[in-house]
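One-letter residues, chain by chain:
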Amino acid sequence: MMKKNNVKFMQGNEACVAGAIAAGMKFYAGYPITPSTEIAEVSAQLLPKVGGKFIQMEDEIAGMAAAIGGSLAGLKSMTATSGPGFSLKQENIGYAAIAEIPCVIVDVQRGGPSTGLPTAPSQGDIMQAKWGTHGDHPVIALSPSSVRETFDLTVRCFNLAEKYRTPVMLMLDEVVGHMREKIVIPDASEIEVIDRIKPEPGDSNYQPYKVKEGQIVPAMAAYGDGFRFHVTGLIHDESGFPSNSHEVADKLMTRLMKKVEDNLDDIIAFEENHIEDAEVVVLSYGGTARSAKSAMKKAREMGLKVGMFRPITIWPFPEKRVAEIAKNVKAIIVAEMNYGQLVLEVERVVKNAAPIYHVGKINGEVITPDEILAKIKEVL
Amino acid sequence: MSSQLINQYYRAEKLPHIWCPGCGHGIITRAVSQAIHNMGLDKDKVCIVSGIGCSSRAPGYMDFNTLHTTHGRALAFATGVKMARPELEVIVISGDGDAAAIGGNHLIHAARRNINITTIVFNNNIYGMTGGQYSPTTPTGDLATTAPFGNIDKSFDIANLAAAAGATYAARATAYHVPQLTKYIENGIKNKGFSLVEAISVCPTYYGRKNKKGTVVDQMNWLKDAAVDVKAAQKLTPEQMEGKFLIGEFKNVTEPEYTQEYQKILDRFKKER
Amino acid sequence: MSKQVEIRLTGSGGQGLILGGIIMAEAALLDGKNAIQSQSYGPEARGGASKAEVIISEHEIDFPKVEVPDLLLALTQVAAEKYADDIKSDGILLVDSSVSLPEGIVAGKIIQIPILQTAAEVIGKPMVANIIAIGAIQQILNIVSKESLESAVLNRVPKGTEELNRRALAEGYRLVEKY
């Protein structure tokens, strides 16, 4: 079966690039940082072969900025980083949010804060993905648990970025980024690729920030297409020019927030396992979800009624479903490689419907199935 | 002539601009559009990128593909635009703080790559937008709101910084020396590589007032008197150069350009595609 | 093979242990099994204690890290001292002859063979030690077929070194024949 070209044994980081190229990535701008560097290396290797372009910028901020510039000039663009770089990119992520520039940011999470544990896994950037840049802004962030899913979700990140004209984050962790496993690369014909809507050529009434009837976001021209429009990080009206008007600010900000908020069903994804009869549900994501699944299987073998819920979109969080599940269980255990981040969101949505427990780890080691199993036994 | 330039190259409905009366930035912005006019560039194929600051508002008034980015990052955004569409003529408008302080790293690296971007630095020796703080080009000893006892920083020579970092074209003129400035901007755009034109501006509201530089006319006269052409300066003694500054073309060489070099990599794989 | 087999390869950076792990995993895939390879490494690219992990299973592999290995390879003294005490009580410890075994090691079986010496003196290329080692592991555990292992090796090694690597594999099989 390995004879077939589409069966590969690859790292999560490599699968990310394969997915990006399948989704139409034509520009990568970034800066080397462990444990995300393979994403830059493989992009440098593969992009010229598909007519795409790679540039290693002088710093993380520039990597984000250049990716936005590339997208504005019409190319699907990506950058990848890890903790310290994710912090540095935040201001320009906000720029992409307000100026509605589609782009994909990959964060291969490592131990922090600061330089922290550069080669060790973590899920400590989950809240930064939501609140990292200043001001209110829409956020879409996805987290894969396997190499194949890394491929699929990278494609989805590009599709969501193009569809909703917003920066989309792929929250990898070192576990999935660096592990190698079997992946069957889907045929191009099986992959849905979404492209941004463009204005009609020569449309003399083109307003770069006006949403047309029946569309979710404004059509996006590229620089050089003949529209000579203006883009700014200031609050702007439909023409794209800055405005100090409170009405304009309210209208723009509300539209930015609503384009995600009004389309939760389209965006949100999660995986459930043995939820139906579960007395305890383990909620976990990314690399840690693999430990949770193993713990769930061990618990089931012991006759314990344990289920599992894995948010695939961390943001927007699948709050409706989690609140529903909470009504029928004795406890929810949140397992994540941090001191307690997504658990705060779970507490917010579950309220008092079920007690919530946390299994966290901040020493750079992965959470083992036995550690989750121990907590299951403790709460049951 | 001005009104013709405005009709042809400005978004007239966005005027008047935000700059203070007497500010040199309008003159420099006009020189940029004059250079574009002289070269007969296609407006649809010109992209003007800026950062944050007084100067960075210029693109909003100009009828091209325009991008007003974050503080200091104009060159990094512009690099993305240029990589994605090398056929666009990419011009960056920046200020002294934007280009040489917060954006200093991007400036030297864009210069090092020799990517075909022309950067015009509107140098008014001060942070104007935030109200008169000292910038990397405020002369030592001068006053600013954050240097109430005199600036103890040394200042950057931005044109020569860019030249030393690898820019293949570097020049300086002033808001007084307009024909020269226009010519340098043209030469910068013509250069297939990274070009930097430093345009010394005047800031009557903050720098001029804080440092008792007199009226705008006094400040323009100072530009006229203190600026010495780089060729003429060769014949002057250090004593004669006291209190003067250099204008002129400091560097104009031809070296491999970044996007063309990348194109060669792409061409290698063309057959495979 | 009903259960999951967990292997930890340890030695120093630059000995090709990660490549060795990848080759074993790819051989398992050729046999239609599942495999995961993961690693932990320090910041240094060469020297220091390095480890690579491989899990091979006929079933889905959830937790991607080796918890307690069924087989532990230690090519250097430093690695043996750091990792050799972490092994299943019935596990196999495979150690290079150059290593003096730390005291108090508990393992089902300890096999000590001259991997590094064979690479340097019999094959004449110290860099094939990893291939000799995975040959020996195949012979001990029989978790992948020899055909698949050879294909996996040949898929990964540089052109022109195929014969060298075939010989290295054969030496690996031979070194543990008597165990």
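Note that this is a predicted model, so its numbers are computed, not measured.

**Details of the overall build of chain C**
Item 1. Looking only at helices and strands, one finds 6 helices and 6 strands in chain C.
Item 2. If you list the helices and strands of chain C from N to C, you get β-α-β-β-β-α-β-β-α-α-α-α.
Item 3. A compact globule built from 179 residues should have a C-alpha radius of gyration of about 16 Å, and chain C, at 15 Å, falls within 12% of that.
Item 4. For chain C, with 179 residues in total, the buried portion stands at 52%.
Item 5. For chain C, long-range pairs separated by at least 24 residues make up 59% of all intrachain contacts whose partners lie at least 6 apart in sequence.

**Observations concerning the UniProt feature "domain: Thiamine pyrophosphate enzyme TPP-binding" (unreviewed entry) in chain B**
Item 1. According to UniProt, the feature "domain: Thiamine pyrophosphate enzyme TPP-binding" (unreviewed entry) maps to residues 52–198 of chain B in the numbering used here.
Item 2. With 36% helix and 19% strand, the stretch residues 52–198 of chain B has end C-alpha atoms that lie 17 Å from each other.

**Examining the interface of chain A and chain B**
Item 1. Across the contact, 35 residues belong to chain A and 35 residues belong to chain B.
Item 2. Of all the secondary structure elements, the ones that give two or more residues to the side of chain A that touches chain B are strand E2 (25–30), strand E3 (53–56), helix H3 (60–72), helix H4 (83–99) and strand E10 (230–232) of chain A.
Item 3. Counting residues per element, the side of chain A that touches chain B draws most heavily on H3 of chain A, at 9 residues.
Item 4. For the side of chain A that touches chain B, the per-class residue count stands at 19 nonpolar, 10 polar and 6 charged.
Item 5. Relative to strand E2 (residues 65–68) of chain B, E10 of chain A runs parallel, the two sharing 3 bridges. Along E2 of chain B, the bridge assignment pairs His230 of chain A with Thr66 of chain B.

**Quick look at the arrangement of the chains**
Item 1. Looking at the 2 pairs of chains with contacts, the pair that accumulates the most is chains A and B.
Item 2. One thing to see here is that chain B and chain C don't touch, and their nearest C-alpha atoms sit 22 Å from each other.

**Here we look at the packing of helix H4 (residues 74–84) of chain B against helix H6 (residues 104–113) of chain B**
When two helices pack together, their arrangement is given by the angle between the helix axes and the distance between those axes.
Residues and elements named next belong to chain B.
Item 1. The geometry of H4 relative to H6 is characterised by a closest axis approach of 8 Å and an angle of 40 degrees between their N-to-C directions. Of the residues in H6, those in contact with Leu75, Ala76 and Thr79 of H4 are His106, Leu107 and Ala110.
Item 2. The residue makeup of the contact of H4 with H6, split by class, is 4 nonpolar, 2 polar and no charged.

**Digging into the pairing of strand E9 (residues 180–184) of chain A**
Residue and element names in this part refer to chain A.
Item 1. In terms of residue burial, E9 counts as a mostly covered element, since 4 of its 5 residues are buried.
Item 2. Sheet topology note: the strand E1 (residues 7–11)/E9 ladder contains 5 bridges and is antiparallel. Looking at E9, one finds that Gln11 is bridged to Arg180.

**A few points about the environment of Arg166 of chain C**
Residues and elements named next belong to chain C.
Item 1. Among the structural elements, Arg166 can be located in helix H6 (residues 162–175).
Item 2. Looking at Arg166, the number of C-beta atoms within 10 Å reads 16, which means it is partly exposed.
Item 3. Arg166 sits 35 residues away from Ile131 along the chain, and the two C-alpha atoms are 8.7 Å apart.

**Observations concerning the nonpolar core**
Item 1. With 257 residues, the main nonpolar core has Val104, Val282 and Ile332 of chain A together with Val81 of chain B as its most contacted residues.
Item 2. Broken down by element, the residue count for this core peaks at 10 residues, all from helix H1 (residues 17–30) of chain C.
Item 3. Each of two domains, domain 1 (7–190) and domain 2 (270–379) of chain A, supplies a minimum of three residues to this core.
Item 4. Contacts of Val282 of chain A, omitting those with residues within four sequence positions, involve Ala292, Ala295, Met296, Val306, Met308, Ile333, Ala335 and Ile372 of chain A.

**Examining the interface of chain C and chain A**
Item 1. With 19 residues of chain C at the interface, the matching set in chain A holds 18 residues.
Item 2. The set of elements that each furnish at least two residues to the side of chain C that touches chain A consists of H1 and strand E2 (34–40) of chain C.
Item 3. Ranked by residues supplied to the side of chain C that touches chain A, first place goes to E2 of chain C with 6 residues.
Item 4. Looking at the side of chain C that touches chain A, its residues break down into 10 nonpolar, 5 polar and 4 charged.

**Focus: the sheet that holds strand E13 (residues 306–311) of chain A**
Residues and elements named next belong to chain A.
Item 1. Strands sit in the order E11-E13-E12-E15-E16 across an open sheet of 5 strands; the sheet is mixed. The two strands at the open ends of the sheet, each matched to only one other strand, are strand E11 (270–273) and strand E16 (356–360). Ignoring strand direction, the axes of neighbouring strands in this sheet form an average angle of 20 degrees.
Item 2. Where strand E12 (residues 280–284) and strand E15 (residues 331–336) come together, 5 bridges link them in parallel fashion.

**Quick word on helix H6 (residues 147–164) of chain A**
Residues and elements named next belong to chain A.
Item 1. For H6, built from 18 residues, the straight-helix expectation of 26 Å at 1.5 Å per residue is met to within 8% by its first-to-last C-alpha distance of 25 Å.
Item 2. Counted residue by residue, H6 has 17 buried out of 18 residues, so it is predominantly covered.
Item 3. One or two positions beyond H6, positive phi appears at Arg165, with a value near 45 degrees.

**So, the environment of Gly128 of chain B**
Residue and element names in this part refer to chain B.
Item 1. Examined against the element boundaries, Gly128 turns out to sit in the loop between strand E4 (117–123) and helix H7 (158–165).
Item 2. Spatially, the C-alpha atoms of Gly128 and Pro204 are 9.9 Å apart, while their sequence positions differ by 76 residues.
Item 3. In this structure Gly128 touches Gly53, Cys54, Cys203, Thr205 and Tyr206, once residues within four positions along its chain are discounted.

**Remarks on the packing of H3 of chain A against H4 of chain B**
Item 1. Direction vectors running N to C along H3 of chain A and H4 of chain B enclose 45 degrees, while the axes themselves pass 6 Å from each other. Between H3 of chain A and H4 of chain B, the interaxial angle falls into the category oblique. Note on packing geometry: the crossing formed by H3 of chain A with H4 of chain B is right-handed. Of H4 of chain B, the residues touching H3 of chain A (which contributes Ile61, Ala62, Ala65, Ala66, Ala67, Ile68, Gly69, Gly70 and Leu72 of chain A) are Ala76, Phe77, Ala78, Thr79, Gly80, Val81, Met83 and Ala84 of chain B.
Item 2. Of the residues contributing to the contact of H3 of chain A with H4 of chain B, the split by class is 13 nonpolar, 4 polar and no charged.

**Section: the pairing of E2 of chain B**
For a regular strand, side chains alternate in direction, first toward one face of the sheet and then toward the other.
Residues and elements named next belong to chain B.
Item 1. Alternating residues of E2 divide into Asn65 and Leu67 and Thr66 and His68, and every residue in both groups is buried.
Item 2. With 4 bridges joining them, strand E1 (residues 46–50) and E2 adopt parallel strand pairing. Pairing of Ile48 across the sheet is with Thr66, part of E2.

**A short note on the sheet that holds E10 of chain A**
Item 1. Overall, mixed pairing links the 9 strands, which are arranged E10(A)-E2(B)-E1(B)-E3(B)-E4(B)-E6(B)-E5(B)-E8(B)-E7(B) in an open sheet. The open sheet has two edge strands with one neighbour each: E10 of chain A together with strand E7 (227–229) of chain B. Each adjacent strand pair in this sheet contributes to an overall mean axis angle of 20 degrees, direction not counted.
Item 2. As defined by bridge partners, E7 of chain B adjoins strand E8 (residues 245–252) of chain B across 3 bridges and the pair is classed as parallel. For Asp229 of chain B, the partnering residue across the bridge sits in E8 of chain B and is Ile247 of chain B.
Item 3. The strands that H4 of chain B touches are E1, E2, strand E3 (89–95) and E4 of chain B; relative to E3 of chain B, the one it contacts most, it runs at about 175 degrees.

Parameters at a glance
Residues numbered from 1 in each chain as written. Chains lettered and ligands numbered in written order. Predicted model: local features only at pLDDT ≥ 70, side-chain atom pairs only at ≥ 80, totals over all residues. Helix = DSSP H or I, 4+ residues; strand = E, 2+ residues; numbered from the N terminus. Rg over C-alpha atoms; globule rule 2.2 N^0.38 Å. Buried ≥ 20, exposed ≤ 12 C-beta atoms within 10 Å, placed from the backbone. Contact = placed C-beta atoms within 7 Å. UniProt positions renumbered as here; feature names shortened; annotations may be inferred. Nonpolar A, V, L, I, M, F, W, Y, C, P; charged D, E, K, R; others polar. Pairing = 2+ DSSP bridges. Axes fitted to C-alpha atoms, helices over the stretch in contact; angles between N-to-C directions. Core = buried A, V, L, I, M, F, W, Y, C linked by C-beta atoms within 7 Å. Domains from an automatic or database assignment. Expected span 1.5 Å × (residues − 1). Parallel < 35°, antiparallel > 145°, perpendicular 65-115°, else oblique. Left-handed = near helix turned anticlockwise from the far one by under 90°.

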